[in-house]
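Here are the chains, one letter per residue:
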Amino acid sequence: MKKMFNEFLYGRDYNPNQWPKEIWEEDMRMFRLANINSTTINVFSWAQNQPSENEYDFSQLDEIIERLSQENSQIVLGTSTAALPAWMFMRYPEVGRVDFEGRRHTFSHRHNACPNSLVYQKYAKNMVEQLAQRYQDHDNIVCWHINNEYGGECYCENCQKAFRVWVKEKYGTVEAVNKAWNMEFWGHKLYSFDEIVVPNLLGDGIHSEAASFTGISLDYCRFMSDSLLDNYKMERDIIKRYDPDTPCTTNLMGTFKGLDYFKWAKEMDIISWDNYPSYNTPWSFVAMSHDLMRGLKDGQPFMLMEQTPSQQNWQPYNSLKKPGQMSTQSYQTIAHGADTIQFFQLRRSVGACEKFHGAVIEHAGHEHTRVFQEVASLGSQLRKLQPILGMEKKSKVAIVFDWDNYWALEFTIGPNKNLKYVDQIHQYYQFFYDKNISVDMISPDSDFSKYDLVVAPVLYLVKEGLKEKLENYVSAGGNFITTYMSGIVNESDNVHLGGYPGPLRQLAGIWVEEIDALAPEQTNSLKFNDGQTGTCALLCDLMHLEGAESLAVYSSNFYKEMPVITRNRFGKGNAWYIGAQLEPKTLYKTLQEITAECNLSSAVSEPTELEVSIRENEYQRFIFIMNFGNEEQVIPKDFVGSENLLTGQKLTDATVVKPYETVIISEVVS
Amino acid sequence: MKKMFNEFLYGRDYNPNQWPKEIWEEDMRMFRLANINSTTINVFSWAQNQPSENEYDFSQLDEIIERLSQENSQIVLGTSTAALPAWMFMRYPEVGRVDFEGRRHTFSHRHNACPNSLVYQKYAKNMVEQLAQRYQDHDNIVCWHINNEYGGECYCENCQKAFRVWVKEKYGTVEAVNKAWNMEFWGHKLYSFDEIVVPNLLGDGIHSEAASFTGISLDYCRFMSDSLLDNYKMERDIIKRYDPDTPCTTNLMGTFKGLDYFKWAKEMDIISWDNYPSYNTPWSFVAMSHDLMRGLKDGQPFMLMEQTPSQQNWQPYNSLKKPGQMSTQSYQTIAHGADTIQFFQLRRSVGACEKFHGAVIEHAGHEHTRVFQEVASLGSQLRKLQPILGMEKKSKVAIVFDWDNYWALEFTIGPNKNLKYVDQIHQYYQFFYDKNISVDMISPDSDFSKYDLVVAPVLYLVKEGLKEKLENYVSAGGNFITTYMSGIVNESDNVHLGGYPGPLRQLAGIWVEEIDALAPEQTNSLKFNDGQTGTCALLCDLMHLEGAESLAVYSSNFYKEMPVITRNRFGKGNAWYIGAQLEPKTLYKTLQEITAECNLSSAVSEPTELEVSIRENEYQRFIFIMNFGNEEQVIPKDFVGSENLLTGQKLTDATVVKPYETVIISEVVS
Amino acid sequence: MKKMFNEFLYGRDYNPNQWPKEIWEEDMRMFRLANINSTTINVFSWAQNQPSENEYDFSQLDEIIERLSQENSQIVLGTSTAALPAWMFMRYPEVGRVDFEGRRHTFSHRHNACPNSLVYQKYAKNMVEQLAQRYQDHDNIVCWHINNEYGGECYCENCQKAFRVWVKEKYGTVEAVNKAWNMEFWGHKLYSFDEIVVPNLLGDGIHSEAASFTGISLDYCRFMSDSLLDNYKMERDIIKRYDPDTPCTTNLMGTFKGLDYFKWAKEMDIISWDNYPSYNTPWSFVAMSHDLMRGLKDGQPFMLMEQTPSQQNWQPYNSLKKPGQMSTQSYQTIAHGADTIQFFQLRRSVGACEKFHGAVIEHAGHEHTRVFQEVASLGSQLRKLQPILGMEKKSKVAIVFDWDNYWALEFTIGPNKNLKYVDQIHQYYQFFYDKNISVDMISPDSDFSKYDLVVAPVLYLVKEGLKEKLENYVSAGGNFITTYMSGIVNESDNVHLGGYPGPLRQLAGIWVEEIDALAPEQTNSLKFNDGQTGTCALLCDLMHLEGAESLAVYSSNFYKEMPVITRNRFGKGNAWYIGAQLEPKTLYKTLQEITAECNLSSAVSEPTELEVSIRENEYQRFIFIMNFGNEEQVIPKDFVGSENLLTGQKLTDATVVKPYETVIISEVVS
């Protein structure tokens, strides 16, 4: 794996422009105390650096870079294009987005430029050119941070025109568009590309999760993701022209729906992302998000670009991180593939909407705070972990995540409105997390052959080639799990005719005749072959065996005795099909048995409430043992005798790991 | 009664245009297998048949009609005007509706043409003229299906102008408008018709169930219903010019609020409607909807135009119909007056928003499915029921349903926001349904004299003449029930002054001094004359006897001991007044006693959980015995000894009717 | 205190224009029967009096005033500018407001004129000039009622321009604006006043309680309050020119958020307000609202401008007032400072949205109703209370209420979205209410020195000078309570840096290092020094003592043992700081102890469920003893031996006060 940085970047969002200069010196002192070695600057300074259309003034930025360089800070340089100057909105109102309800927005917030606005593109391009030219040779700049948290949609006339061009490029003819979008339905047959309308509320959209012609909305998701990606690429290409070696990135947002991150990842030198769990987000969900970010570039380490040192402000209830929580969360992040730990933000802003967002330097302004001390302490510990940079996290299990599926599945009207893509994926991830079995999050385009088990819940959209790829994988000895609502549509959201699960039917060895939807107050019971019982809900397939064997059958409703969980031996491998949303215990029993059959091993030899995650290379291995629960836990016996890298203490069978405590062991790979 | 068709039309929505031609032949084979004898076509093919403003191309439609005719399919021909071609929106954006929030919509969905758009009218007219001229003499066309599921509102400038004309025609002078809408309130006095504004959110509307000047919004409901009716009449008149004998209809939607179906019914040759209950809709509600549809044309049989053979897709939770459910639902439909059983849809669409909507031919594409077999089986059974066509459902009880009341009551702000019109009506209907006492749903303009009992819950709006009509009915021996929130306003939503219930005061023999509103967590108790107690909620009248006798009094709150249920002997008849929303048991006791007093008889001599409904003429009678519960039920002893028409078996006192089973008995009228 | 009227004005909204003239005579008869001595007219008659731009016609108004004067009615004359004539919207659409979502509204409802519309201002000015000139010398006019229930916002282009002017006047330079609004955050730096955008949804607003740049939205609240106040002042100034002696007022709405009523009060001769509690509004909340209205002009008696004699119509559930409730509510109003009792409305309207709103004359139209009789009876009793006019309600406790705080606190994003300003204030008020300790509601600008205890919950925004003022008050012997979320920001919503609670830190003798937010399902426990335990929720400060003593500490969470309630002896006084939202019992214990320490005395010597409130002057005292509960209560022993003014009966220790009964005692001040 490629190592981008020589040490953990530790630091991040620093906005000296918001403060008088006397504060800057105090900042430097505090950074040193906190072991902060890196700063991200210029994320939101466009208006500062360009007072009007033809006027640039980088004197402040020069000064900031100069001062930070004296401190030897490793600078991540923002391109500042995520928030537009007021003058641009005033002179060119078309730079503002038109929203789903058709309303043109104006100067406000951030992340609100129409991505297809030529005006926006022109000025963004010019600004990046100025920055790249000016700072290309600066030694302290270790990374370019392009724009910020790309996302959102625009439905303006300009986007409508660009969409028509995009559609024409994709499909070639109007006939192909009519077929792809099934426009004969309700008589929407098009005769010209100019008849295409953006699918917002005034057009074919209903709300963000429903549309009459899902094909249009699905393509619009792709188009918007591509439009923003074009914005990104425009900036990156300019930077590369001047500074080809410094890595370029932009901060992603985990399972954020708006962008096809697998496609984006191809254009990014390194993945970076912002991790903001809520007070009640399961830690398995956080872990899954890290694994997804690591998976975007096939296991390459990523940057943890933002997390809060203490609390957030934009959640409904912004609880404090408890003592140890921030550091244990950071270790989890590293354990799952991060090579940097960065914070939003270094100093809390004095006003506006994020003033209640935590920071390394709080409003109190000094270092005698719990939060500051925890940051300083973690900074010091990180030095012990430098060898980890570039190490892998190895997995024999992969879970398929796919934005096309995400979009298509959630635009669908029926059969059950409570079917949510990420929630479905997480149900499966959670089992492996709880068992301390490492998981890779992969795309349908990834190489399956590395894995003993590939899990693809709700693989609703199966595009061309995937059928053969999966069949090849399994017949060569692979193990595959899929579920209800899989194999339903092609990449245009048109049904694979002939019987569900369409292209997966032979592989799974079953035919799903009907799909029942259960209301929230309803469940069905089921019975395993071993006589044990279980419960399922949400969606229930009515299926027939076509070569598969039944592992469990329904024991209620009119489809009592029909199979609900099946296994098909296919070539040298196996394909399991789970025909209903299983309640947690039932799902765990099912996956436990499959896991055993696949000989998948956990990082620990006995069950534990602790998370145990490993990063390694061919020589060395770091084992992270973390307690995210409320009770202290005995250290797994596997690790008795090892040394806790963080404390230097030997682990005994009396050693306990306290809530939000982390134990790290470094091992030579034998 | 008039019989429109020679056999049950069985079939319906068929969209071969969405499919390659090789599928068509397979369709024909499947239709034969399924006993499908009818198809509805061309519902959404405007764009196909008219590629641009002056270009028509009916070659595909010709071919479809030709092929179906070879199969001897009875064709219901759609006029295709419910979904506009893209070119119309592109060239004439004014054909798109402006919504309640003032937003102009564009090419998308369906049912979104401004009904007062001259452009829309021109092109719809031309299209219908083309169709009528071309297919007027086609033998296989048994019915014209005009447009589709009319509904929705437009608030564009054009509608505003048309509304002013409509208002001027209705009222003549601005003074009359000011009086009708009580415009002196808040000083809204108008001096010109041009000052009238459409009552959407930018005008006087608040939301779809509230307005400051309810008179305007009430008239706008009438105007919109009339505007769409004018669209319908325009198409019908063209068709009649070419093809005067084939019946014209459009598919209605039960208790849909948007259109005054009693007014529409006058213009329709036969009522047809689409029946889509949710997974938890009470079967009594479905029965009530059928009775309402039958009532629209005074008992004339109707077409069941759409139902799903298996599941829907646009509900939150689209459960499957259980085995037998579709056929029993169909028998209920026939028992309540249907002379056709038709399905949306014959073949499931491959893409777009309805791909998860059930169909006779599922995505699997073959006949070996539960759903297909149930459809085929019903189709075969229907042949035994042909004599029923044209038969009546006789009732001695009528419940008044009135769109003016529906609109006016729900625009009202106060006294209790949870007062919903259809729910109120259904509370009363349900009693008779549970007792197997047949009910006609009638309008205030219907002939009351046929009935032993007329029930008019929340008869809020009492227009001119109704007072006298009701008094005549009762004094001649009729029995009448009304409730709280009755007799309050005239047809302009202005209060009948002098004391509630206004024009019903003498008939009811009471004066309601005040109306208390109870919050959801509150109830009042009451005491019947026989000492039994009951409970009421929502609204409680504080009333004084003026000739009536008290049947029950409140036993709580400060109006304890005031009467809550009364009976007034008026001429030869009786008028009951129910002054509060009674909880189900209390309502049942009350209605049980009234029913007994009116000598109303049930279709069965003893209580049963089964629905028993009868259609008959002077010679013959069909008795439908249906089980909509979860438990099997013993056949009522009245029917022991008869033969089950569907199975040929003799009914014994051991015969049970299983869940979703139907027993049909044919009797000679003695 | 100034006495505005010679007797209780008793009457109010009278709209003879809505009725034919034959009704007018009947009205006069009914008013006499009901002891109604006052009428408010012309509130909504602009269109009637001005049929078009240059045409005025006061003949109807002349006639109404003439007829009322014959009855010797004391007339409150409306200026009629709250609802615009249709012709104004038709000819000048810009008089309609643009809402938060950017939509221009048109002729409809009321209170919807753009306050910065020059057209609106011109015609409003002309109308008031006409009225003032015409009726200036009319003896029966005792008060001018300007406009009606001012409120609402406009975001039109015209308001945008006016806002830029307002901002320029306030700040002088763009640099000052950038600083005040912290525009460097997200790079929003302005270079010109013309770059300022109104903060609605298309600009910087998010919804009515969130914005990215809270400084802009906070200033926009001030600007809108000022804009409407300018409308008010424009009218008042014209009236004063013609009729300098008759008091001018407009009806306020208690804790309504939209307007800074303390600022408005300065321009009003007398406060008047509309009191519309819901069926479940606590009576302590009603009392607090009265006290706030009395506090606006430093204790000066106010007009109860509107209440309903029976029920409302615009609540979700509009329950009837029970027998005695209306009069006891009226006595409470007088006890808290009202010198008038007025009703909306005298006669129920026949149509439009308020026809279900109660009135003195109901739709029945005669006097033989419970409601009418209760109104008549109260009217007769009020004569016994005439000496009370102008009397004070004396308090030794003050609670600080501040619209700047209200706005700023609720715009804040984080830490807990359930933090609502008025609810926070009411939690504290309720304690004193339950203890029958009289409270003044004051502004931060009020004189604190009169009070033994000043309570300022969530004193989030502390503007310049308040720190010193509070410190002076306490060091001179005052007692002060404040809470979490106090001292956080300055008047531009920028944080007071250096540690919370900023300017209150020295006074409170503590430093709040962090603020934890609890979700609704979470609580923390706490322990008082006396060993008793308590519970808290919502927000929990993590604080350090800096001179204060701890009165209670947390007993759960990681900040267990940190202080949660403290007291700081400061000069001769005390400052208490309550660091978490205490659950009611815990809050009561805390306040009970503080109250005891401050030697605050209740109106009764022993606890009672009755409300006991006193109005007095140097000679005489009226004691109101009111039962707002469901059970009868024994009269407190303090009052045994006195005479009930309403009945003339002597109070004994067996005397009970029934639900909704009031006892009034008149005492000579000794």
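Calculation notes
- Residues numbered from 1 in each chain as written.
- Chains lettered and ligands numbered in written order.
- Predicted model: local features only at pLDDT ≥ 70, side-chain atom pairs only at ≥ 80, totals over all residues.
- Heavy atoms only, no water.
- UniProt positions renumbered as here; feature names shortened; annotations may be inferred.
- Disulfide = S-S within 2.5 Å.
- Buried < 20%, exposed > 50% of the residue type's maximum accessible area, 1.4 Å probe, protein only.
- Helix = DSSP H or I, 4+ residues; strand = E, 2+ residues; numbered from the N terminus.
- Least-squares fit on C-alpha atoms with pLDDT ≥ 70 in both.
- Contact = heavy atoms within 4.5 Å.
- Buried area = accessible area lost by both parts, 1.4 Å probe.
- Salt bridge = Lys/Arg side-chain N within 4 Å of Asp/Glu carboxyl O.
- Polar contact = N/O pair within 3.5 Å; in protein donor to acceptor, adjacent residues only side chain to side chain.
- Nonpolar A, V, L, I, M, F, W, Y, C, P; charged D, E, K, R; others polar.
- Pairing = 2+ DSSP bridges.

- For chain A, an unreviewed UniProt entry supplies the name Beta-galactosidase and the organism Vagococcus acidifermentans.
- Within the UniProt record for chain A, the comment given under Sequence similarities (unreviewed entry) is "Belongs to the glycosyl hydrolase 42 family."
- Check the Catalytic activity (unreviewed entry) section of the UniProt entry for chain A; it says "Hydrolysis of terminal non-reducing beta-D-galactose residues in beta-D-galactosides."

## A look at the state of the cysteines
- In this structure the tally under the stated criterion is 0 disulfides over all chains.
- C143 of chain A forms no disulfide, and the closest cysteine sulfur to it belongs to C248 of chain A, at a distance of 7.3 Å.
- Unpaired in this structure, C353 of chain A has its nearest cysteine sulfur neighbour in C221 of chain C, at a distance of 16 Å.
- Accessibility expressed as a relative area gives 8% for C353 of chain A, which makes it buried.

## Digging into unusual backbone geometry
- For the bond running from Y500 of chain A to P501 of chain A, omega is -5°, close enough to zero to count as cis.
- Relative to the helices and strands, P501 of chain A resides in the loop between β15 (479–483) and α16 (505–508).
- Cis geometry marks the peptide bond from F344 of chain B to Q345 of chain B; its omega dihedral reads 25°.
- In this fold, Q345 of chain B is placed in the loop between β11 (338–343) and α12 (370–382).
- Notably, H109 of chain B is not glycine yet its phi reads approximately 45°, a positive angle.
- Positionally, H109 of chain B belongs in the loop between α4 (86–91) and α5 (118–135).
- Phi at N182 of chain B is positive, roughly 50°, even though this residue is not glycine.
- Inspection of the secondary structure assignment puts N182 of chain B in the loop between α7 (174–180) and β5 (205–207).

## Re the relation of the copies chain A and chain C
- For the match of chain A to chain C, the screw axis carries a shift of 0.0 Å, the RMSD comes to 0.1 Å, and the turn is 120°. Expressed as an axis order, the relation between the two copies is that of a three-fold axis. Scanning chain A for the C-alpha nearest the rotation axis identifies R103 of chain A, at a separation of 5.6 Å.
- Interface overlap between copies is the fraction of interface residues in one copy that are interface residues in the other; for chain A against chain C it is only 2%, indicating separate surfaces.

## A closer look at the interface of chain A and chain C
- At the junction of the two partners, chain A supplies 49 residues and chain C supplies 56 residues.
- Roughly 4,500 Å² of surface becomes buried between chain A and chain C when both sides are summed, with 59% attributable to carbon and sulfur atoms.
- On the chain A side of the interface with chain C, the three residues burying the most area are H109, Y317 and F356 of chain A, jointly 16% of the side's total.
- Residue K355 of chain A is joined to D493 of chain C by a salt bridge in which the shortest nitrogen-to-oxygen separation is 2.7 Å.
- At the junction of chain A and chain C, the tally comes to 31 residue pairs in polar contact (both at pLDDT 80 or more).
- Put simply, the parts of the chain that give the side of chain A that touches chain C at least two residues each are α2 (46–49), α4 (86–91) and α12 (370–382) of chain A.
- When residues in the side of chain A that touches chain C are grouped by element, the largest group, 3 residues, is from α4 of chain A.
- Here the side of chain A that touches chain C is built from residues that sort into 21 nonpolar, 18 polar and 10 charged.

## Looking at the UniProt feature "active site" (unreviewed entry) in chain A
All names here are of chain A.
- Sequence positions flagged by UniProt for "active site" (unreviewed entry) are, in local numbering, E149 and E306. Sequence-wise these annotated residues cover 158 residues; spatially they are packed, their C-alpha atoms never more than 10.6 Å apart.
- Position of E149 among the secondary structure elements: in the loop between β4 (141–145) and α6 (157–171).
- When near neighbours in sequence (up to four residues on either side) are disregarded, E149 contacts R110, H111, T250, N251, M253, D274 and E306.

## A short note on the side chain of S80 of chain B
- Take S80 of chain B: it is sitting in the loop between β3 (74–78) and α4.
- Discounting chain neighbours no more than four positions away, the residues touching S80 of chain B are N42, V43, S45, W46 and M127 of chain B.

## So, the UniProt feature "domain: Beta-galactosidase trimerisation" (unreviewed entry) in chain A
- In the UniProt entry, the feature "domain: Beta-galactosidase trimerisation" (unreviewed entry) is given for residues 396–600 of chain A.
- Each end of residues 396–600 of chain A is marked by a C-alpha atom, and these two atoms are 7 Å apart; helix forms 25% of the span and strand 32%.

## Quick notes on the relation of the copies chain B and chain A
- Rotating chain B by 120° about the axis while translating it 0.0 Å along that axis superimposes it on chain A, leaving an RMSD of 0.1 Å.
- By residue overlap, the copies meet through two different surfaces: only 2% of the interface positions of chain B are interface positions in chain A.

## Remarks on the interface of chain B and chain A
- Residue-level contacts link 49 residues of chain B with 57 residues of chain A.
- Looking at the side of chain B facing chain A, the largest losses of area belong to H109, Y317 and F356 of chain B, adding up to 16% of the total buried there.
- The interface formed by chain B and chain A contains 3 salt bridges.
- At the junction of chain B with chain A, the criterion picks out 31 residue pairs in polar contact (both at pLDDT 80 or more).
- Mapped by element, the contributors of at least two residues to the side of chain B that touches chain A are α2 (46–49), α4 and α12 of chain B.
- Ranked by the residues each element gives to the side of chain B that touches chain A, the list is headed by α4 of chain B, at 3 residues.
- Its residues assigned to classes, the side of chain B that touches chain A comprises 21 nonpolar, 18 polar and 10 charged.

## Observations concerning the pairing of strand β17 (residues 524–528) of chain C
Residues and elements named next belong to chain C.
- The alternating pattern of β17 places N524, L526 and F528 on a buried face, while none of S525 and K527, on the opposite face, is buried.
- Looking at chain direction, β17 and strand β18 (residues 533–545) are connected through 4 bridges and run antiparallel. Across the sheet, residue S525 finds its bridge partner in β18, namely T535.
- The antiparallel hairpin formed by β17 and β18 contains 4 residues in its connecting segment, where G531 sits at a positive phi of about 95°.

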